[in-house]
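Listed below are the residues making up each chain.
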Amino acid sequence: MQRMSIRIRLVIGFVLISLFVLVLFGIVTHRTTLEINHNYELSLLKSFVTDQANTLDNQLSQGASIDQLAQQLPLINSSFSRFVLLDQHNQLIDNHSSYDSFNIRLSEFPFQQLLSTGLSGSITLNQHYYAWAAKPLQENKFTLFMLHQSEYNPPANARALGKRMLITALVITWLAFWVALIFSKRIIRQLDEKNAALTHKALYDDLTSLPNRYRLHESLQQLNNNTSYALLVVDLNNLRDINDTLGHRSGDELLKVAAERISQTATPNLIVARLSGDEFAVLLETNTPHQAEEIARKILYEISKPIHIDEMDIVTHASIGCAHYPHDAETPDSLLNRAEVSMFHAKQTNINYQAYNNEIDPLNKQRLELMSSLRKAIDQGQLRAYYQPKIELATQHTTGVEVLVRWQHPEKGIINPDEFIPIAERCNLIDKLTHWVLDEALRQCHMWKQNDLDLTVAVNLSARNLLDANLASQVEALLTKWQIPAKQLKLEVTESMIMSDPETALHTLNRLNTMGVSLSVDDYGTGYSSLAYIKKLPIQEIKIDRTFVKDMLHNRDDSVIVQSTIELAHNLGLCVVAEGVENEATLQRLAELQCNRAQGYYMSRPLPATQFEEWLQTCKWPAAQ
Amino acid sequence: MVKKNMCALDRAIRVLFSLVCIYFGFIDTSIINEPLLAMIIGGFGIFNFAVIFIGICPVYHLAGISTHKEIKK
């Protein structure tokens with residue numbers, strides 16, 4: 001439609017310009033022609049009058065009277081011209097009445113007026129065009145005046161000229177019309193080509209020729225509500241390494257091959273797009289929930305095949321996140337977002353494929369709700385401290401507790417720390433939360449102390465706490481507040497927390513250690529750090545993760561890990577706590593291995609303070625006196 | 001092979017137009033009264049007859065226009 005209107009405008013423009021040029025040309029030509037004809041006629045007239053005047057002058061000089069000459073004048077008149085003689089006052093010397101027959105009355109002719117303008121000119125009288133010329137005789141005593149009814153008829157000439165001009169105009173306009181049609185076609189074609197190129201550039205990736213994020217966005221807007229779709233986000237894991245080591249040309253080559261493999265493997269797909277550097281997206285129409293995973297696995301397999309670049313075989317891996325529409329996301333926008341969240345989760349947890357679920361999304365709706373109510377929860381006392389006993393295996397006494405926090409939500413009931421700690425970390429509530437737990441744990445410790453119950457309390461720290469420069473002074477203030485000796489407080493940290501910012505973490509740990517607070521490494525064995533490294537930290541205890549302890553009686557590997565960890569830790573002068581003890585046999589085995597302490601459901605789940613006190617009365621592991 | 005691009009009505013109009021051109025260009029030149037113009041108009045009439053005969057208008061072809069039903073969009 002728009003193309004057509006451009007074309008029509010071009011054609012009309014061309015034709016109008018050609019018409020304008022012709023009209024201009026016509027007018028100028030017409031006027032010039034008139035002027036040339038007129039001047040030519042006047043010059044003829046003037047020379048004729050001069051000739052006649054010379055003859056009359058001669059006759060007057062030879063003694064002829066003016067009246068005789070006036071009578072001769074009709075002899076030289078023609079049907080179109082009249083000669084008259086005027087006296088020195090420019091009055092007609094009326095010598096012949098027939099002069100009046102020449103369409104006008106000569107007696108009324110404005111000789112005086114015409115001669116005041118010069119000796120030749122033209123005049124239109126009674127719709128007739130006349131040219132005139134005059135010549136003085138006998139030194140201005142008389143004037144010979146010639147009036148000529150022009151053969152040259154301006155309107156008639158203009159008509160003839162106009163006709164030719166009109167025909168020429170038609171021919172040229174017609175040619176202009178042709179030219180406009182042909183040129184407009186070419187202009188439109190070039191515009192279309194440019195537009196197509198620009199559109200392609202805007203919606204497609206230059207390197208891989210795949211659609212880009214905008215094009216994918218367009219496709220996502222057209223999803224049908226009655227159909228199921230899956231969006232896979234594929235991320236290549238080591239593109240940056242390849243760019244850094246082999247150069248960007250190799251990286252680009254890798255991307256091209258990966259793009260090709262993804263396009264060929266993910267069939268039938270609706271669209272394969274390149275989102276950014278090393279991120280691709282595949283939109284699928286799915287009939288079964290597992291279809292997306294099957295295709296994702298195929299893509300992973302294809303991508304993991306070596307890629308031959310610059311005579312080298314490069315192996316790359318991918319992480320794929322997947323979100324289903326409309327199951328996981330109600331809008332196309334959130335579909336892409338959630339597929340990306342899943343991909344990031346897969347990347348972080350070092351797995352290949354992750355389908356979307358609420359748990360992995362840091363910003364899902366429930367979490368956002370929790371975030372807003374957590375702040376209130378701390379102030380309104382909705383948090384509860386739970387206590388899980390730690391048993392000294394050598395003496396079979398309960399010597400300490402680990403303090404665990406629970407959230408007694410007014411509507412949702414008990415919420416586990418796994419769910420709200422990450423939120424607290426995200427919205428800067430973790431300091432407040434840790435402070436609350438420390439305060440509560442030390443208050444309880446103080447209460448027990450008054451009842452002659454001496455237990456160490458262990459509180460878990462978050463990674464964010466270790467980066468807080470005020471932590472040590474806060475702990476010190478609380479210990480003073482509740483009059484608890486520092487050695488009775490134990491702080492548990494995980495390996496990964498220390499690794500994220502070792503320098504700051506070490507600074508905080510050293511301060512706590514100097515105060516006399518004992519430090520423990522939680523979940524030992526799940527990270528990558530060696531005992532040798534951990535030994536450099538100011539810690540006194542490691543806790544073997546429940547995953548090893550749980551199956552240590554049946555799984556030889558786990559058994560060996562537990563045994564060797566205990567031996568090595570002891571050799572390094574560290575205490576060992578086994579977490580996740582679920583039966584008596586495990587407890588006995590740990591005792592045989594000379595593990596220092598044990599903790600687990602076999603002894604007790606985490607309990608509120610009053611229930612814990614009851615448990616302590618009835619259990620096999622009484623508190624040491 | 002260039003496709004035909006003129007429909008029957010188009011051709012019929014052109015036949016009339018060509019006849020008028022040839023009449024004023026060669027037969028009664030007194031109306032135009034200018035040999036060069038008359039020759040151009042007459043020549044255009046003859047050229048147009050040839051166009052009608054082969055059914056392909058070169059201007060239509062170059063301008064991407066067609067009044068022929070089969071390829072008319």
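Owing to the predicted nature of the structure, the values given are computational and were not obtained by experimental measurement.

A. Inspection of the packing of helix 14 (residues 471–481) of chain A against helix 16 (residues 502–515) of chain A at higher detail. All names here are of chain A. Look at helix 14 against helix 16: their axes get within 9 Å of each other, and the N-to-C directions meet at 25°. Considered as vectors, helix 14 and helix 16 are oriented roughly parallel to each other. Classified by chirality, the crossing of helix 16 by helix 14 is right-handed. Contact residues: helix 14 offers Leu-471, Ala-472, Ser-473, Val-475, Glu-476 and Leu-479, while helix 16 offers Thr-508, Arg-511, Leu-512 and Met-515.

B. Expanded view of the pairing of strand 4 (residues 142–149) of chain A. Residues and elements named next belong to chain A. Within strand 4, eight of the eight residues are buried, leaving the element largely enclosed by the surrounding structure. The side-chain alternation of strand 4 yields two buried faces, one formed by Phe-142, Leu-144, Met-146 and His-148 and the other by Thr-143, Phe-145, Leu-147 and Gln-149. In the sheet, strand 1 (residues 81–86) pairs with strand 4 via six bridges, with the strands oriented antiparallel. Bridge assignment links Phe-83 to a residue of strand 4, and that residue is Met-146. Sheet topology note: the strand 3 (residues 128–137)/strand 4 ladder contains eight bridges and is antiparallel. From the neighbouring strand, Lys-135 faces strand 4, where its bridge partner is Leu-144. Turn length for the strand 3-strand 4 hairpin, with the two strands adjacent in sequence and antiparallel, is four residues, and the turn residue Gln-138 shows positive phi of about 50°.

C. Representation of helix 8 (residues 289–304) of chain A. With 16 residues, helix 8 of chain A should cover 22 Å at 1.5 Å per step; its first-to-last C-alpha distance of 24 Å lies within 8% of that length. Buried residues belonging to helix 8 of chain A abut strand 5 (229–236), helix 7 (248–265), strand 7 (279–285), strand 10 (318–325) and strand 11 (353–355) of chain A.

D. Summary view of the sheet that holds strand 11 of chain A. Residue and element names in this part refer to chain A. Taken together, five strands build an open sheet; the order of strands is 6-7-5-10-11 and the sheet is mixed. Both edges of this open sheet fall to strand 6 (271–276) and strand 11, since each of them pairs with a single strand only. Pairs of neighbouring strands in the sheet enclose a mean axial angle of 20°, with direction left out of account. The sheet contact formed by strand 5 and strand 10 spans eight bridges and is antiparallel. Paired with Leu-231 across the strands is Ala-323, a residue of strand 10.

E. Quick look at the pattern of salt bridges. Residues and elements named next belong to chain A. In total, this model carries 23 salt bridges over all chains according to the counting rule given. Of the charged contacts, one joins Glu-293 and Arg-297 as a salt bridge, the two residues approaching to 2.9 Å between their closest N and O atoms. In this pair, Glu-293 and Arg-297 are both assigned in helix 8, four residues apart and thus about one turn of the helix distant. The partner of Asp-439 in a salt bridge is Lys-481, and the shortest N-O contact between them spans 3.0 Å.

F. Broad picture of the environment of Phe-612 of chain A. All names here are of chain A. If you trace the backbone, Phe-612 turns up in helix 21 (residues 609–618). Placed 226 residues apart in sequence, Phe-612 and Tyr-386 show a C-alpha to C-alpha distance of 8.4 Å. Excluding its chain neighbours within four sequence positions, the residues that come into contact with Phe-612 are Tyr-387, Pro-389, Thr-398, Val-401, Trp-448, Leu-455 and Leu-607.

G. Representation of the pairing of strand 15 (residues 456–460) of chain A within the structure. All names here are of chain A. Where strand 13 (residues 397–409) lies against strand 15, four bridges are found, and the strand directions are parallel. Within strand 15, the position partnered with Gly-400 by the bridge is Thr-456. In this structure, strand 15 lies alongside strand 16 (residues 489–494), joined through four bridges in parallel fashion. Bridge pairing in strand 16 links Val-457 to Leu-489.

H. Local environment of the interface of chain A and chain B. At the interface, twelve residues of chain A touch 15 residues of chain B. Where chain A abuts chain B, roughly 1,200 Å² becomes buried across the two surfaces, and 74% of that area is made up of carbon and sulfur atoms. Counting the contacts that link chain A with chain B gives one salt bridge. Counting across the chain A and chain B interface gives two residue pairs in polar contact (both at pLDDT 80 or more). The element best represented in the side of chain A that touches chain B is helix 4 (residues 154–203) of chain A, accounting for eleven residues. Partitioned by chemical class, the residues of the side of chain A that touches chain B number six nonpolar, one polar and five charged.

I. Region of the structure containing the side chain of Thr-286 of chain A. Tracing the backbone shows Thr-286 of chain A in the loop between strand 7 and helix 8. Setting aside residues up to four positions removed in sequence, Thr-286 of chain A forms contacts with Ser-228, Tyr-229, Ala-230, Gln-291, Ala-292 and His-324 of chain A.

J. Focus on the sheet that holds strand 1 of chain A. Residues and elements named next belong to chain A. An order of 1-4-3-2 is seen for the four strands of this open sheet, with the pairing classed as antiparallel. Strand pairing shows two members of the sheet lacking a second neighbour, strand 1 and strand 2 (120–125), which therefore form its edges. Averaged over all neighbouring strand pairs, the angle between strand axes comes to 25°, with direction disregarded.

Calculation criteria
- Residues numbered from 1 in each chain as written.
- Chains lettered and ligands numbered in written order.
- Predicted model: local features only at pLDDT ≥ 70, side-chain atom pairs only at ≥ 80, totals over all residues.
- Heavy atoms only, no water.
- Axes fitted to C-alpha atoms, helices over the stretch in contact; angles between N-to-C directions.
- Helix = DSSP H or I, 4+ residues; strand = E, 2+ residues; numbered from the N terminus.
- Parallel < 35°, antiparallel > 145°, perpendicular 65-115°, else oblique.
- Left-handed = near helix turned anticlockwise from the far one by under 90°.
- Contact = heavy atoms within 4.5 Å.
- Buried < 20%, exposed > 50% of the residue type's maximum accessible area, 1.4 Å probe, protein only.
- Pairing = 2+ DSSP bridges.
- Expected span 1.5 Å × (residues − 1).
- Salt bridge = Lys/Arg side-chain N within 4 Å of Asp/Glu carboxyl O.
- Buried area = accessible area lost by both parts, 1.4 Å probe.
- Polar contact = N/O pair within 3.5 Å; in protein donor to acceptor, adjacent residues only side chain to side chain.
- Nonpolar A, V, L, I, M, F, W, Y, C, P; charged D, E, K, R; others polar.

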